[in-house]
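Analysis of the macromolecular model
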Amino acid sequence: MKLKSVVLLTAVALLGGANHGYAQKWEELAKTPPMGWSSWNKFNRKINEKAIKEIADAMVSSGLADCGYVYVNIDDCWHGERDENGKIQCSPEKFPGGMKALADYIHAKGLKFGLYSDAGCKTCAGEPGSLGHEYQDAKTYADWGVDYLKYDWCNTPDQNTKASYRLMRDALYAAGRPILFSICEWGSTKPWEWAGEIGHMWRTTGDIGCDFDSEKDYGDWGEIGVLQILDKNEPLRRYAGPGHWNDPDMLEVGNGMSENEDRAHFSLWCMMAAPLILGNDVRDMSAETKAILTNKDVIAVDQDPLGVQGWRFFTRNGVEYWYKPLVNDDWAICVFNRTTEPKTVKLDWKDLITYDNITRRTFKPDRNLYSFKNLWTGKDEGVTDVTRTITIPGYDVAMYRFTLVDRENVLP
Ligand code: GLA
(Lines give C-alpha, C1' and ligand atoms only; values in the text may rest on other atoms or scores of the structure.)
Protein backbone atom coordinates (compact mmCIF):
# COMPACT_ATOMS: atom_id res chain seq x y z
CA MET A 1 0.00 0.00 0.00
CA LYS A 2 1.29 3.46 -0.83
CA LEU A 3 2.48 5.66 2.03
CA LYS A 4 -0.24 8.19 1.24
CA SER A 5 -2.95 5.55 1.64
CA VAL A 6 -1.48 4.42 4.97
CA VAL A 7 -1.44 8.00 6.25
CA LEU A 8 -5.01 8.62 5.17
CA LEU A 9 -6.40 5.36 6.48
CA THR A 10 -4.69 6.02 9.81
CA ALA A 11 -6.21 9.50 9.85
CA VAL A 12 -9.67 8.02 9.32
CA ALA A 13 -9.19 5.48 12.09
CA LEU A 14 -8.01 8.23 14.46
CA LEU A 15 -11.01 10.33 13.57
CA GLY A 16 -13.20 7.60 14.89
CA GLY A 17 -14.59 5.77 11.90
CA ALA A 18 -12.63 3.30 9.84
CA ASN A 19 -14.32 4.46 6.65
CA HIS A 20 -11.97 2.92 4.14
CA GLY A 21 -14.29 3.82 1.30
CA TYR A 22 -13.79 7.49 2.05
CA ALA A 23 -9.98 7.21 2.09
CA GLN A 24 -10.27 5.47 -1.23
CA LYS A 25 -12.37 8.32 -2.62
CA TRP A 26 -9.86 10.96 -1.49
CA GLU A 27 -7.06 8.95 -3.08
CA GLU A 28 -8.92 8.73 -6.35
CA LEU A 29 -9.85 12.40 -6.71
CA ALA A 30 -6.98 13.22 -9.03
CA LYS A 31 -5.79 10.05 -10.67
CA THR A 32 -5.23 12.20 -13.74
CA PRO A 33 -4.50 15.94 -13.63
CA PRO A 34 -7.61 17.90 -12.54
CA MET A 35 -9.48 19.77 -15.28
CA GLY A 36 -11.82 22.73 -14.96
CA TRP A 37 -12.10 26.49 -14.92
CA SER A 38 -11.22 29.21 -12.41
CA SER A 39 -12.33 32.81 -12.12
CA TRP A 40 -9.02 34.45 -11.24
CA ASN A 41 -7.07 34.99 -14.48
CA LYS A 42 -9.90 36.70 -16.35
CA PHE A 43 -12.31 38.02 -13.74
CA ASN A 44 -10.01 38.74 -10.83
CA ARG A 45 -12.16 40.40 -8.12
CA LYS A 46 -15.12 40.98 -10.45
CA ILE A 47 -17.10 37.82 -9.86
CA ASN A 48 -20.75 37.25 -9.06
CA GLU A 49 -23.40 34.57 -9.01
CA LYS A 50 -24.85 35.42 -12.42
CA ALA A 51 -21.46 35.23 -14.15
CA ILE A 52 -20.56 31.93 -12.45
CA LYS A 53 -23.90 30.39 -13.47
CA GLU A 54 -23.36 31.56 -17.04
CA ILE A 55 -19.87 30.08 -16.98
CA ALA A 56 -21.30 26.76 -15.78
CA ASP A 57 -23.86 26.89 -18.61
CA ALA A 58 -21.13 27.64 -21.13
CA MET A 59 -18.90 24.84 -19.86
CA VAL A 60 -21.61 22.44 -20.94
CA SER A 61 -22.92 24.15 -24.10
CA SER A 62 -19.43 24.79 -25.52
CA GLY A 63 -18.44 21.12 -25.22
CA LEU A 64 -15.74 21.84 -22.62
CA ALA A 65 -17.44 19.65 -20.02
CA ASP A 66 -17.57 16.84 -22.54
CA CYS A 67 -13.79 17.16 -22.92
CA GLY A 68 -13.32 16.61 -19.18
CA TYR A 69 -13.27 20.16 -17.77
CA VAL A 70 -15.45 19.47 -14.78
CA TYR A 71 -14.55 21.90 -11.97
CA VAL A 72 -16.06 25.40 -11.82
CA ASN A 73 -13.82 27.16 -9.32
CA ILE A 74 -14.40 30.49 -7.66
CA ASP A 75 -11.06 32.02 -6.71
CA ASP A 76 -10.47 34.96 -4.35
CA CYS A 77 -13.08 37.62 -3.50
CA TRP A 78 -16.27 35.60 -2.97
CA HIS A 79 -16.23 36.32 0.75
CA GLY A 80 -18.42 38.26 3.08
CA GLU A 81 -17.84 38.63 6.83
CA ARG A 82 -17.72 35.87 9.44
CA ASP A 83 -20.97 35.75 11.45
CA GLU A 84 -21.15 36.01 15.26
CA ASN A 85 -20.16 32.34 15.54
CA GLY A 86 -17.17 32.79 13.26
CA LYS A 87 -18.87 31.05 10.36
CA ILE A 88 -17.72 32.37 6.97
CA GLN A 89 -20.41 33.91 4.76
CA CYS A 90 -20.28 34.65 1.07
CA SER A 91 -20.70 38.24 -0.08
CA PRO A 92 -24.45 38.89 -0.05
CA GLU A 93 -24.08 41.42 -2.86
CA LYS A 94 -22.10 39.17 -5.20
CA PHE A 95 -23.78 35.87 -4.29
CA PRO A 96 -27.30 36.69 -3.06
CA GLY A 97 -28.53 33.10 -3.44
CA GLY A 98 -25.71 31.72 -1.29
CA MET A 99 -23.05 29.16 -2.03
CA LYS A 100 -25.15 26.07 -1.39
CA ALA A 101 -27.67 27.06 -4.08
CA LEU A 102 -24.84 27.91 -6.47
CA ALA A 103 -23.19 24.54 -5.82
CA ASP A 104 -26.55 22.82 -6.45
CA TYR A 105 -26.87 24.68 -9.75
CA ILE A 106 -23.37 23.61 -10.81
CA HIS A 107 -23.89 20.01 -9.67
CA ALA A 108 -27.18 19.79 -11.56
CA LYS A 109 -25.19 20.41 -14.74
CA GLY A 110 -22.96 17.43 -13.97
CA LEU A 111 -20.10 19.74 -12.96
CA LYS A 112 -18.18 20.16 -9.71
CA PHE A 113 -17.76 23.19 -7.52
CA GLY A 114 -14.46 24.69 -6.34
CA LEU A 115 -13.72 27.41 -3.83
CA TYR A 116 -10.67 29.31 -2.59
CA SER A 117 -9.27 30.17 0.82
CA ASP A 118 -5.95 31.05 2.40
CA ALA A 119 -3.92 29.53 5.23
CA GLY A 120 -3.28 32.95 6.75
CA CYS A 121 -5.46 35.52 8.47
CA LYS A 122 -6.40 37.14 5.14
CA THR A 123 -6.41 36.03 1.52
CA CYS A 124 -4.12 37.67 -1.03
CA ALA A 125 -6.90 40.14 -1.88
CA GLY A 126 -7.52 40.92 1.81
CA GLU A 127 -10.61 38.76 2.40
CA PRO A 128 -10.98 36.62 5.55
CA GLY A 129 -8.47 33.72 5.59
CA SER A 130 -8.97 30.39 7.33
CA LEU A 131 -6.31 30.75 10.05
CA GLY A 132 -7.87 29.59 13.34
CA HIS A 133 -11.08 28.53 11.53
CA GLU A 134 -9.76 25.54 9.59
CA TYR A 135 -12.17 22.88 10.89
CA GLN A 136 -15.10 25.29 10.89
CA ASP A 137 -14.43 26.40 7.31
CA ALA A 138 -13.87 22.87 6.06
CA LYS A 139 -17.23 21.86 7.54
CA THR A 140 -18.92 24.88 5.94
CA TYR A 141 -17.40 24.03 2.54
CA ALA A 142 -18.55 20.42 2.89
CA ASP A 143 -22.07 21.59 3.82
CA TRP A 144 -22.14 23.88 0.80
CA GLY A 145 -21.12 21.02 -1.51
CA VAL A 146 -17.60 22.14 -2.34
CA ASP A 147 -15.57 19.58 -4.33
CA TYR A 148 -12.25 21.40 -4.70
CA LEU A 149 -10.37 23.79 -2.42
CA LYS A 150 -7.49 25.99 -3.54
CA TYR A 151 -5.61 27.06 -0.43
CA ASP A 152 -3.36 30.10 -0.78
CA TRP A 153 -0.42 31.36 1.27
CA CYS A 154 -0.73 35.14 1.71
CA ASN A 155 -0.53 36.78 5.16
CA THR A 156 1.10 33.82 6.87
CA PRO A 157 4.04 35.28 8.81
CA ASP A 158 5.65 32.70 11.11
CA GLN A 159 3.45 29.88 9.81
CA ASN A 160 4.98 26.60 8.71
CA THR A 161 3.80 25.59 5.26
CA LYS A 162 3.68 21.85 5.78
CA ALA A 163 1.93 22.12 9.16
CA SER A 164 -0.59 24.67 7.86
CA TYR A 165 -1.51 22.61 4.81
CA ARG A 166 -1.64 19.41 6.81
CA LEU A 167 -4.01 21.10 9.27
CA MET A 168 -6.43 22.02 6.49
CA ARG A 169 -6.07 18.58 4.92
CA ASP A 170 -7.07 17.01 8.25
CA ALA A 171 -9.96 19.47 8.55
CA LEU A 172 -11.23 18.58 5.08
CA TYR A 173 -10.86 14.97 5.91
CA ALA A 174 -12.83 15.35 9.14
CA ALA A 175 -15.56 17.23 7.25
CA GLY A 176 -16.30 13.96 5.49
CA ARG A 177 -16.66 15.10 1.89
CA PRO A 178 -14.07 14.21 -0.75
CA ILE A 179 -12.65 17.65 -1.56
CA LEU A 180 -9.72 17.90 -3.93
CA PHE A 181 -6.98 19.88 -2.16
CA SER A 182 -4.94 22.31 -4.26
CA ILE A 183 -1.88 23.70 -2.50
CA CYS A 184 -0.82 27.19 -3.53
CA GLU A 185 2.37 28.38 -1.83
CA TRP A 186 4.08 29.19 -5.15
CA GLY A 187 6.90 26.68 -4.72
CA SER A 188 8.39 28.69 -1.85
CA THR A 189 9.18 25.70 0.39
CA LYS A 190 9.55 23.08 -2.35
CA PRO A 191 6.10 21.51 -1.88
CA TRP A 192 6.98 18.81 -4.40
CA GLU A 193 9.15 17.35 -1.62
CA TRP A 194 6.41 17.21 1.05
CA ALA A 195 2.96 17.82 -0.44
CA GLY A 196 2.36 14.48 -2.16
CA GLU A 197 0.74 13.04 0.97
CA ILE A 198 -1.11 16.24 1.85
CA GLY A 199 -2.74 17.51 -1.34
CA HIS A 200 -3.53 16.50 -4.88
CA MET A 201 -1.58 19.28 -6.61
CA TRP A 202 0.79 22.07 -5.67
CA ARG A 203 1.78 25.25 -7.42
CA THR A 204 5.43 25.18 -8.40
CA THR A 205 5.86 28.86 -9.25
CA GLY A 206 4.61 32.40 -8.73
CA ASP A 207 1.57 33.64 -10.63
CA ILE A 208 1.22 33.31 -14.37
CA GLY A 209 0.66 36.49 -16.39
CA CYS A 210 -0.86 36.61 -19.85
CA ASP A 211 2.54 36.75 -21.57
CA PHE A 212 4.65 34.17 -23.31
CA ASP A 213 8.01 35.52 -22.20
CA SER A 214 8.12 38.08 -19.42
CA GLU A 215 8.85 38.70 -15.77
CA LYS A 216 6.92 41.49 -14.08
CA ASP A 217 7.69 42.76 -10.62
CA TYR A 218 4.96 44.85 -8.99
CA GLY A 219 6.71 45.21 -5.63
CA ASP A 220 4.96 42.82 -3.25
CA TRP A 221 3.83 40.52 -6.06
CA GLY A 222 4.81 39.59 -9.57
CA GLU A 223 3.81 37.68 -12.68
CA ILE A 224 5.83 35.42 -14.94
CA GLY A 225 5.27 34.17 -18.46
CA VAL A 226 4.79 30.75 -20.01
CA LEU A 227 8.51 30.27 -20.73
CA GLN A 228 9.58 31.24 -17.22
CA ILE A 229 7.09 28.79 -15.68
CA LEU A 230 8.04 26.06 -18.13
CA ASP A 231 11.68 26.14 -17.06
CA LYS A 232 10.84 26.02 -13.36
CA ASN A 233 8.28 23.20 -13.66
CA GLU A 234 10.14 20.97 -16.11
CA PRO A 235 12.82 19.63 -13.72
CA LEU A 236 10.20 18.48 -11.18
CA ARG A 237 8.83 15.58 -13.17
CA ARG A 238 9.82 12.85 -10.77
CA TYR A 239 7.51 14.30 -8.08
CA ALA A 240 4.34 14.09 -10.21
CA GLY A 241 2.14 11.07 -10.63
CA PRO A 242 -1.43 9.82 -10.23
CA GLY A 243 -3.00 11.60 -7.25
CA HIS A 244 -0.33 14.31 -6.90
CA TRP A 245 0.65 16.79 -9.58
CA ASN A 246 3.00 19.69 -10.16
CA ASP A 247 0.81 22.73 -10.87
CA PRO A 248 2.41 25.31 -13.18
CA ASP A 249 -0.66 27.55 -12.67
CA MET A 250 -3.91 28.14 -14.53
CA LEU A 251 -4.12 28.54 -18.28
CA GLU A 252 -4.04 31.88 -20.06
CA VAL A 253 -5.29 30.46 -23.38
CA GLY A 254 -7.84 32.86 -24.87
CA ASN A 255 -6.76 35.82 -22.75
CA GLY A 256 -4.72 37.74 -25.29
CA MET A 257 -1.62 35.86 -26.42
CA SER A 258 -1.31 34.96 -30.11
CA GLU A 259 -2.87 31.75 -31.41
CA ASN A 260 0.59 30.21 -31.83
CA GLU A 261 1.55 31.10 -28.26
CA ASP A 262 -1.74 29.77 -26.91
CA ARG A 263 -1.27 26.49 -28.79
CA ALA A 264 2.30 26.14 -27.47
CA HIS A 265 1.24 27.03 -23.91
CA PHE A 266 -1.56 24.44 -23.96
CA SER A 267 0.58 21.73 -25.58
CA LEU A 268 3.43 22.17 -23.12
CA TRP A 269 1.09 22.12 -20.12
CA CYS A 270 -0.28 18.83 -21.49
CA MET A 271 3.24 17.47 -21.99
CA MET A 272 3.93 18.32 -18.33
CA ALA A 273 0.77 16.50 -17.11
CA ALA A 274 -0.36 19.81 -15.63
CA PRO A 275 -3.79 20.39 -14.13
CA LEU A 276 -5.79 22.05 -16.92
CA ILE A 277 -7.65 24.87 -15.21
CA LEU A 278 -9.01 27.27 -17.81
CA GLY A 279 -8.59 30.97 -17.10
CA ASN A 280 -10.56 32.57 -19.94
CA ASP A 281 -14.15 33.70 -20.35
CA VAL A 282 -15.65 30.51 -21.71
CA ARG A 283 -18.92 32.33 -22.50
CA ASP A 284 -17.14 34.20 -25.23
CA MET A 285 -14.42 32.18 -26.95
CA SER A 286 -13.04 32.65 -30.44
CA ALA A 287 -13.14 29.63 -32.73
CA GLU A 288 -9.33 29.40 -32.41
CA THR A 289 -9.42 29.35 -28.60
CA LYS A 290 -12.16 26.75 -28.58
CA ALA A 291 -10.28 24.57 -31.06
CA ILE A 292 -7.21 24.62 -28.81
CA LEU A 293 -9.03 23.92 -25.56
CA THR A 294 -11.23 21.15 -26.96
CA ASN A 295 -8.59 19.18 -28.85
CA LYS A 296 -9.27 15.76 -27.38
CA ASP A 297 -6.08 14.19 -28.76
CA VAL A 298 -3.94 16.77 -27.00
CA ILE A 299 -6.02 16.55 -23.81
CA ALA A 300 -5.52 12.76 -23.90
CA VAL A 301 -1.76 13.33 -23.65
CA ASP A 302 -2.30 15.35 -20.46
CA GLN A 303 -4.84 12.87 -19.08
CA ASP A 304 -2.90 9.75 -19.97
CA PRO A 305 -3.50 7.16 -17.21
CA LEU A 306 0.20 6.39 -16.87
CA GLY A 307 0.45 9.83 -15.26
CA VAL A 308 4.06 10.57 -16.16
CA GLN A 309 5.17 14.18 -16.59
CA GLY A 310 7.04 14.70 -19.84
CA TRP A 311 10.45 16.29 -20.18
CA ARG A 312 12.63 18.31 -22.51
CA PHE A 313 15.06 15.80 -23.97
CA PHE A 314 17.18 18.15 -26.03
CA THR A 315 17.30 21.56 -27.65
CA ARG A 316 18.82 22.27 -31.02
CA ASN A 317 19.01 25.62 -32.69
CA GLY A 318 16.27 27.06 -30.48
CA VAL A 319 13.95 24.10 -31.02
CA GLU A 320 13.06 21.93 -28.02
CA TYR A 321 12.11 18.24 -28.22
CA TRP A 322 9.71 17.24 -25.45
CA TYR A 323 8.78 13.61 -24.70
CA LYS A 324 6.02 12.00 -22.66
CA PRO A 325 5.59 8.23 -22.30
CA LEU A 326 1.96 7.13 -22.58
CA VAL A 327 -0.01 3.93 -21.95
CA ASN A 328 0.46 0.90 -24.20
CA ASP A 329 4.00 1.89 -25.22
CA ASP A 330 2.70 5.01 -26.95
CA TRP A 331 4.69 8.26 -26.81
CA ALA A 332 3.90 11.92 -27.31
CA ILE A 333 6.55 14.18 -28.79
CA CYS A 334 6.15 17.93 -28.89
CA VAL A 335 8.60 19.88 -31.02
CA PHE A 336 8.58 23.42 -29.65
CA ASN A 337 10.06 26.34 -31.55
CA ARG A 338 11.21 28.57 -28.72
CA THR A 339 12.33 31.34 -31.06
CA THR A 340 10.20 34.04 -32.65
CA GLU A 341 11.26 33.04 -36.21
CA PRO A 342 9.88 30.05 -38.17
CA LYS A 343 12.17 27.00 -38.01
CA THR A 344 12.45 24.15 -40.46
CA VAL A 345 13.52 20.91 -38.81
CA LYS A 346 14.11 17.41 -40.03
CA LEU A 347 12.50 14.67 -37.96
CA ASP A 348 15.11 11.99 -38.28
CA TRP A 349 14.08 8.98 -36.23
CA LYS A 350 17.59 8.01 -35.22
CA ASP A 351 17.91 11.41 -33.59
CA LEU A 352 14.74 10.89 -31.65
CA ILE A 353 15.66 7.74 -29.70
CA THR A 354 15.25 8.33 -25.99
CA TYR A 355 15.18 6.57 -22.64
CA ASP A 356 12.82 7.55 -19.80
CA ASN A 357 14.33 6.90 -16.39
CA ILE A 358 10.93 7.01 -14.65
CA THR A 359 9.14 4.33 -16.67
CA ARG A 360 12.45 2.75 -17.81
CA ARG A 361 11.07 2.67 -21.30
CA THR A 362 12.91 3.38 -24.50
CA PHE A 363 11.51 5.11 -27.54
CA LYS A 364 13.26 3.35 -30.42
CA PRO A 365 11.90 4.63 -33.71
CA ASP A 366 15.05 3.32 -35.41
CA ARG A 367 14.15 -0.28 -34.54
CA ASN A 368 10.44 -0.37 -33.71
CA LEU A 369 7.84 0.71 -36.19
CA TYR A 370 5.36 3.31 -34.93
CA SER A 371 2.44 4.93 -36.65
CA PHE A 372 2.13 8.59 -35.78
CA LYS A 373 -0.49 11.29 -35.82
CA ASN A 374 -0.09 15.04 -35.93
CA LEU A 375 -2.30 16.08 -33.02
CA TRP A 376 -2.88 19.66 -34.18
CA THR A 377 -3.73 18.93 -37.81
CA GLY A 378 -5.44 15.64 -36.89
CA LYS A 379 -3.61 14.00 -39.79
CA ASP A 380 -2.31 10.43 -39.63
CA GLU A 381 1.25 10.73 -40.87
CA GLY A 382 1.88 7.06 -41.72
CA VAL A 383 4.69 5.13 -40.08
CA THR A 384 8.17 5.98 -38.87
CA ASP A 385 10.04 4.50 -41.81
CA VAL A 386 10.94 7.77 -43.46
CA THR A 387 12.10 11.13 -42.17
CA ARG A 388 9.91 14.24 -42.27
CA THR A 389 10.83 17.87 -42.75
CA ILE A 390 8.51 20.32 -41.04
CA THR A 391 8.34 24.07 -40.53
CA ILE A 392 7.14 25.41 -37.19
CA PRO A 393 6.19 29.09 -36.80
CA GLY A 394 7.78 31.13 -34.02
CA TYR A 395 6.54 30.26 -30.53
CA ASP A 396 4.55 27.33 -31.85
CA VAL A 397 4.69 23.54 -31.73
CA ALA A 398 4.25 20.40 -33.77
CA MET A 399 2.86 17.66 -31.57
CA TYR A 400 2.60 13.96 -32.36
CA ARG A 401 1.39 10.74 -30.84
CA PHE A 402 3.34 7.61 -31.70
CA THR A 403 1.68 4.19 -31.49
CA LEU A 404 3.70 1.01 -31.62
CA VAL A 405 2.89 -1.05 -34.71
CA ASP A 406 5.72 -3.55 -34.82
CA ARG A 407 8.41 -4.22 -32.25
CA GLU A 408 12.05 -4.73 -33.25
CA ASN A 409 11.25 -4.37 -36.90
CA VAL A 410 14.76 -3.63 -38.12
CA LEU A 411 14.46 -0.89 -40.65
CA PRO A 412 16.67 -0.56 -43.72
C1 GLA B 1 -2.44 34.41 -5.36
C2 GLA B 1 -2.56 33.13 -6.16
C3 GLA B 1 -3.38 33.40 -7.41
C4 GLA B 1 -4.76 33.93 -7.03
C5 GLA B 1 -4.61 35.18 -6.17
C6 GLA B 1 -5.94 35.61 -5.58
O7 GLA B 1 -1.68 35.36 -6.02
O8 GLA B 1 -1.30 32.63 -6.49
O9 GLA B 1 -3.50 32.22 -8.19
O10 GLA B 1 -5.46 32.92 -6.34
O11 GLA B 1 -3.74 34.94 -5.07
O12 GLA B 1 -5.81 36.74 -4.76
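So, a few notes on the structure that sits alongside this text. (Residues numbered from 1 in each chain as written. Predicted model: local features only at pLDDT ≥ 70, side-chain atom pairs only at ≥ 80, totals over all residues. Heavy atoms only, no water.)

**What to know about the sheet that holds strand 15 (residues 331-337)**
Stated precisely, the cut-off is as follows: Strand pairing is defined by DSSP finding a minimum of two bridges between the two strands. Under the DSSP-based scheme used, a helix requires at least four consecutive residues in state H or I and a strand at least two consecutive residues in state E, with every element numbered from the N terminus. Fitted lines through C-alpha atoms serve as axes, helices being fitted only where they are in contact, and the angles separating the N-to-C directions of these axes extend from 0 to 180 degrees. By definition in these notes, contact holds between two residues if any of their heavy atoms fall within 4.5 Å.
Here six strands make up an open sheet; going across it, the order is 13-14-15-22-19-20 and the pairing antiparallel. Lying at the two open borders of the sheet, with one neighbouring strand each, are strand 13 (311-316) and strand 20 (380-383). The sheet shows a mean angle of 20 degrees between the axes of neighbouring strands, direction not considered. Of the pairings in the sheet, the one linking strand 19 (residues 369-374) to strand 20 comprises two bridges and is antiparallel in character. Residue Lys 373 lies in a different strand from strand 20, and its bridge partner there is Asp 380. Each of strand 14 (319-325), strand 15 and strand 22 (396-406) is contacted by helix 9 (residues 259-271), which is oriented at about 40 degrees to strand 22, the strand it contacts most.

**Examining the site of the ligand**
The criterion, for reference: Nearness is judged by heavy atoms alone; a residue qualifies as near a molecule or strand once a single heavy atom is within 4 Å of it. A 3.5 Å cut-off defines polar contacts: any pair of N or O atoms within that distance qualifies, except that in protein one atom must be a possible hydrogen donor and the other a possible acceptor, and neighbouring residues in sequence count only when both atoms are side-chain atoms. For every accessible area listed, the method is Shrake-Rupley and the probe measures 1.4 Å; residues are considered covered only by the protein chains on display.
With respect to spatial proximity, 13 residues lie near the ligand, and among them Asp 75, Asp 76, Lys 150, Asp 152 and Asp 207 are the closest. Separating an oxygen atom of the ligand from a side-chain N or O atom of Asp 152 is a distance of 2.8 Å. A distance of 2.9 Å separates an oxygen atom of the ligand from a polar atom in the side chain of Trp 186. Coverage of the ligand by the protein chains reaches 93% of its 310 Å² of free accessible surface.

**A word on the environment of Gly 310**
Looking at the element boundaries, Gly 310 is found in the loop between helix 11 (296-302) and strand 13. When the C-alpha atoms of Gly 310 and Ala 332 are compared, they prove to be 8.6 Å apart, with 22 residues separating the residues in sequence. If we skip the residues at most four places from it in the chain, Gly 310 touches Arg 237, Met 271, Met 272, Tyr 323 and Lys 324.

**A short note on helix 4 (residues 49-61)**
Using the following cut-off: Multiply 1.5 Å by the residue count of a helix minus one, and that product is the helix's expected span. Each residue is placed in one exposure class: buried if its accessible area under a 1.4 Å probe, protein chains only, is under 20% of its type's maximum, exposed if it is over 50%, and partly exposed if it falls in between.
Helix length check: helix 4, at 13 residues, gives a terminal C-alpha distance of 18 Å against a target of 18 Å (1.5 Å per residue), a fit within 8%. Considered for burial, the residues of helix 4 that qualify are Glu 49, Ala 51, Ile 52, Ile 55, Ala 56, Ala 58 and Met 59. Taken together, the buried residues of helix 4 touch strand 1 (35-38), helix 3 (40-43), strand 2 (71-73) and helix 5 (99-108). Capping the start of helix 4 is the job of one residue whose side-chain oxygen sits 3.0 Å from the backbone nitrogen of Lys 50: Asn 48. Gly 63 occupies a position one or two residues after helix 4 and carries a positive phi of about 90 degrees.

**Points about the sheet that holds strand 2**
Spatial ordering of the open sheet is given by 11-8-7-6-5-2-1-12, a layout of eight strands whose pairing is parallel. Two strands lie at the open edges of the sheet, namely strand 11 (245-247) and strand 12 (276-278), each paired on one side alone. Going from strand to strand, the sheet's axes swing by 25 degrees on average, the running direction of each strand aside. Examined bridge by bridge, strand 7 (residues 180-183) and strand 8 (residues 201-203) share two bridges and lie parallel to one another. Following the sheet pairing, Ile 183 is matched in strand 8 by Trp 202. Contacting strand 6 (148-152) and strand 7, helix 7 (residues 161-175) runs over the sheet at an angle of about 160 degrees to strand 6.

**A short note on the state of the cysteines**
Every disulfide links exactly two cysteines, by a covalent bond between their sulfur atoms. Our working definition: Two cysteine sulfurs form a disulfide in these notes if their separation is within 2.5 Å.
Within this structure, the stated rule accounts for one disulfide. Linked covalently through their sulfurs, Cys 124 and Cys 154 form a disulfide whose S-S length is 2.1 Å. The S-S bond linking Cys 124 to Cys 154 shows a torsion near 95 degrees; that makes this disulfide right-handed. Taken together, the residues span a long stretch of sequence, with Cys 124 in the loop between strand 5 (112-118) and helix 6 (134-144) and Cys 154 in the loop between strand 6 and helix 7 at a distance of 30 residues. The closest cysteine sulfur to the non-disulfide-bonded Cys 184 is located on Cys 124, 6.8 Å from its own sulfur.

**Some remarks on helix 5**
Here is the rule: Note that the arc is computed from the directions linking the helix axis to the C-beta atoms.
Buried within helix 5 are the following residues: Met 99, Leu 102, Ala 103 and Ile 106. Looking straight down helix 5, one finds that the buried residues subtend no more than 100 degrees of arc, so they occupy a single side. Contacts made by the buried residues of helix 5 are with helix 4, strand 2, strand 4 (88-90), strand 5 and helix 6. Gly 110 sits one or two residues past helix 5 and shows a positive phi near 85 degrees.

**Structural notes on the packing of helix 8 (residues 226-233) against helix 9**
Note the cut-off: The scheme is simple: roughly parallel for angles under 35 degrees, roughly antiparallel for over 145, roughly perpendicular for 65 to 115, oblique for anything else. Crossing chirality is assigned from the near helix's rotation relative to the far helix, an anticlockwise turn below a right angle marking it left-handed and a clockwise turn marking it right-handed. Basically, the charged four are Asp, Glu, Lys and Arg, the nonpolar ten are Ala, Val, Leu, Ile, Met, Phe, Trp, Tyr, Cys and Pro, and anything else, Gly included, counts as polar.
In contact at an axis separation of 11 Å, helix 8 and helix 9 are set at 15 degrees when each is read in the N-to-C sense. Taken together, the axes of helix 8 and helix 9 lie roughly parallel to each other. In this structure, the crossing between helix 8 and helix 9 has a hand that is left-handed. Contacts from Val 226, Ile 229 and Leu 230 in helix 8 reach His 265, Leu 268 and Trp 269 in helix 9. Its residues placed into classes, the contact of helix 8 with helix 9 shows five nonpolar, one polar and no charged.

Remember, this is a structural readout, not a statement about activity or role.
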